[in-house]
Amino acid sequence: MKKIAAIFLVIILSFAFLVSCGSSPAPSNEEAADIFENSTNVLVDYFVGEPYWVAENDIEDLEIYEDETVEFGEWMVYYKTNYTYEQAVDKYSEYFAGQLLDDFMSVYFYNDDGTLCVKAYGGASGFQVDDAVVTLVSQDGDIYNYEVTFSFLYYGTDDNGNDFVDIVQGVGTFSLQKTSDGYSLSDTDVCYPVDYQAE
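Presented here is a report on the structure given in the accompanying data block. Since the structure is predicted, the reported quantities are computational estimates derived from the model, not experimental observations. (Residues numbered from 1 in each chain as written. Predicted model: local features only at pLDDT ≥ 70, side-chain atom pairs only at ≥ 80, totals over all residues. Heavy atoms only, no water.)

What follows concerns a nonpolar patch on the surface. On the surface, Tyr 155, Val 165 and Ile 167 cluster together to form a nonpolar patch covering roughly 290 Å² of accessible area. For Tyr 155, the position within the fold is in strand 6 (residues 143-157). A relative accessible area of 40% places Tyr 155 in the partly exposed class. (Patch = residues over 30% accessible without salt bridge, like charges linked within 9 Å, V, L, I, M, F, W, Y side chains within 5 Å. Areas by Shrake-Rupley, 256 points an atom, 1.4 Å probe, with all protein chains shown as cover. Salt bridge = Lys/Arg side-chain N within 4 Å of Asp/Glu carboxyl O. Helix = DSSP H or I, 4+ residues; strand = E, 2+ residues; numbered from the N terminus. Buried < 20%, exposed > 50% of the residue type's maximum accessible area, 1.4 Å probe, protein only.)

Below you can see the structure in the form of structure tokens.
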């Protein structure tokens, strides 16, 4: 009887320790890879496309007012929308968390007294991330750190007007954060949002 009581006490103490640590089980590698691909391709879409066009196609019922702008120089032009800034934050918190969410919002959007404004200019050569294979490297509370290999799919047109796709293998690291809605990308060295026009 004492042995059973001792085992039960160990189980209770172990559970209490895990709860006090605030950690949660890591997602499966397959789930982590899907989250990486989906979230990274949102970053890619905004990087390679015109942000206002991407937002209009990505955010339900978003209306872009191209005749209502907020400007900070020639390359820092934003279009006003019918959305609030917080609505967009809620939308993209499905993909991103922490500093990454803040940086994503600050690069492609502007908060004009609560109104969401979307950057008018941007764009680069088109590409997409696919075939991610991830390895969990470490866990720090509800932050999960991974190494990843993946395929970069580059889309282009040759001198004869023919479309083509080049596939290049890539490697990187990223982190997921456990949130109330699941897991979100909280850090990455693959297409991290950088405002190249900030200078």
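Turning to the packing of aromatic side chains, a few remarks are in order. Taken as a whole and judged by the stated rule, the model has 23 aromatic pairs. Their ring planes at 45° and their centres at 4.9 Å tell us that Phe 96 and Phe 104 sit as a pair that is tilted. For the pair shown, Phe 96 and Phe 104 are each scored as buried. In this structure an aromatic cluster arises from ring pairing among Phe 36, Phe 127, Tyr 146, Phe 150, Phe 152, Tyr 154 and Phe 174. Here the basic side chain of Lys 91 rests over the ring of Tyr 92, its NZ or CZ set 6.0 Å away from the ring centre. Here the basic side chain of Lys 178 rests over the ring of Tyr 183, its NZ or CZ set 5.6 Å away from the ring centre. (Phe/Tyr/Trp six-rings, centres within 6.5 Å; stacked < 30°, edge-to-face > 60°. Lys NZ or Arg CZ within 6 Å of the ring centre and 35° of its normal.)

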